[in-house]
Amino acid sequence: MPYEKFEEYNIQITDDIKARYNGIIEELGEDVTRDGLLKTPERAAKAMLYLTQGYSQDAAEILKSAMFKESYNEMVIVKDIELYSLCEHHILPFFGKAHVAYIPNGYIVGLSKIPRIVDVFARRLQVQERLTEQILDCINDTLKPQGVAVVIEASHMCMMMRGVQKQNSVTTTSGFRGQFEKIETRNEFLKLISEKLS
């Protein structure tokens, strides 16, 4: 049986974006009727809809769907969360890892929900600074923990492929709320995310 992948897209929106990509490719001087490009506008439209699906998702509701009463009140860290996003200035990818921690205050959250909310905010046109803040604020406002910390390390194709063309640069952003504003707690978190598991 042949491989079949099912993805659901709004046909009207997909067709509209597809027509725009068709025009862009033509304006660049390409022949949109040649074999290799025949389906490119449709593929590009679907890719863009997939990569920006975060606009139609509610990160707070995702967290609320898996909140559990629990007395645990020590640091919870989910590190090395892969993230892929699009820079809003050039619509080129940036990608890397997010490290997220929180200290519960009566409630914990299902661990898979933390990478899910990273994805919700990453799958929008973004800047890394805002992405960091949105993840931080969502956890802080929804879970109301004793503290939240977020560190993102990412490489930006807009710096690597064009402009300054620096291939090995990595941008790091961080944000801290509550208990993580204390130097000792913050340093413990930073030490834990930098350690490699043996």
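Cut-offs and rules
- Residues numbered from 1 in each chain as written.
- Predicted model: local features only at pLDDT ≥ 70, side-chain atom pairs only at ≥ 80, totals over all residues.
- Heavy atoms only, no water.
- Core = buried A, V, L, I, M, F, W, Y, C linked by side-chain atoms within 4.5 Å.
- Buried < 20%, exposed > 50% of the residue type's maximum accessible area, 1.4 Å probe, protein only.
- Helix = DSSP H or I, 4+ residues; strand = E, 2+ residues; numbered from the N terminus.
- Contact = heavy atoms within 4.5 Å.
- 1 Å grid on protein atoms, 1.4 Å probe; cavity = no way out; pocket = protein on both sides within 12 Å on 5 of 7 lines; lining within 4 Å.
- Points joined across faces, edges and corners; volume = space filled by probe spheres on them.
- Axes fitted to C-alpha atoms, helices over the stretch in contact; angles between N-to-C directions.
- Parallel < 35°, antiparallel > 145°, perpendicular 65-115°, else oblique.
- Left-handed = near helix turned anticlockwise from the far one by under 90°.
- Nonpolar A, V, L, I, M, F, W, Y, C, P; charged D, E, K, R; others polar.
- Expected span 1.5 Å × (residues − 1).
- Polar contact = N/O pair within 3.5 Å; in protein donor to acceptor, adjacent residues only side chain to side chain.
- Pairing = 2+ DSSP bridges.

1. A few points about the nonpolar core
Now for step 1: Of all hydrophobic cores here, the largest spans 30 residues; its most connected members are V100, I117, L131, I135, I139 and I152.
Now for step 2: Counting residues per element, the ones that place at least two in this core are helix 3 (59–64), strand 2 (76–87), strand 3 (93–103), helix 4 (113–122), helix 5 (128–143) and strand 6 (147–156).
Now for step 3: Sequence-distant contacts of V100, that is, excluding residues within four places in its chain, are made with V76, I77, V78, I81, I114, V118, I135, I139, A149, V150 and F189.
Now for step 4: M75, A101, V151 and F189 belong to the second largest nonpolar core, which has nine residues in total.

2. Considerations on the layout of surface pockets
Now for step 1: Empty space within the largest pocket amounts to approximately 160 Å³.
Now for step 2: In terms of lining, the largest pocket is formed by Y50, L51, E82, L83, Y84, S85, L86, P93, D119, A122 and R123.
Now for step 3: For the lining of the largest pocket, the secondary structure elements donating two or more residues are helix 2 (40–51), strand 2 and helix 4.
Now for step 4: No other element matches strand 2, which puts five residues into the lining of the largest pocket.

3. Focus on the packing of helix 1 (residues 11–27) against helix 2
Now for step 1: Interaxial distance between helix 1 and helix 2 falls to 8 Å at its minimum, and their mutual angle equals 125 degrees. As judged from the angle between their axes, helix 1 and helix 2 are oblique. In this structure, helix 1 meets helix 2 at a crossing whose hand is right-handed. Contact residues: I13, T14, I17, K18, Y21, N22 and I25 in helix 1; T40, P41, E42, A44, A45, K46, M48 and L49 in helix 2.
Now for step 2: Residue composition of the contact of helix 1 with helix 2, by class: nine nonpolar, three polar and three charged.

4. Details of helix 1
Now for step 1: Helix length check: helix 1 (17 residues) gives 24 Å between terminal C-alpha atoms against 24 Å at 1.5 Å per residue, within 8%.
Now for step 2: Between a side-chain oxygen at the N-terminus of helix 1 and the backbone nitrogen of Q12 the separation is 3.0 Å; the capping residue is N10.
Now for step 3: Following helix 1 by one or two positions, G29 has its phi on the positive side, about 100 degrees.

5. Some thoughts on the pairing of strand 2
Now for step 1: Inspection of the sheet shows strand 2 paired to strand 3 by nine bridges, in the antiparallel sense. By the bridge assignment for strand 3, L83 is matched with G96.
Now for step 2: Where strand 2 folds back on strand 3, the antiparallel hairpin that results is connected by five residues, among which I91 adopts a positive phi of roughly 55 degrees.
Now for step 3: Pairing geometry for strand 2 and strand 5 (residues 125–126), over two bridges, is parallel. Paired with C87 across the two strands is Q126, which belongs to strand 5.

6. Overview of the sheet that holds strand 2
Now for step 1: Spatially, 5-2-3-6-7 is the arrangement adopted by the five strands of the open sheet, whose pairing is mixed. Either end of the sheet is taken by a strand with one partner, and the two such strands are strand 5 and strand 7 (171–178).
Now for step 2: Alignment of strand 6 against strand 7, held across eight bridges, turns out to be antiparallel. Paired with V148 across the strands is R177, a residue of strand 7.
Now for step 3: Sheet contacts for helix 4: strand 2, strand 3 and strand 5; angle to strand 2, the most-contacted strand, approximately 20 degrees.

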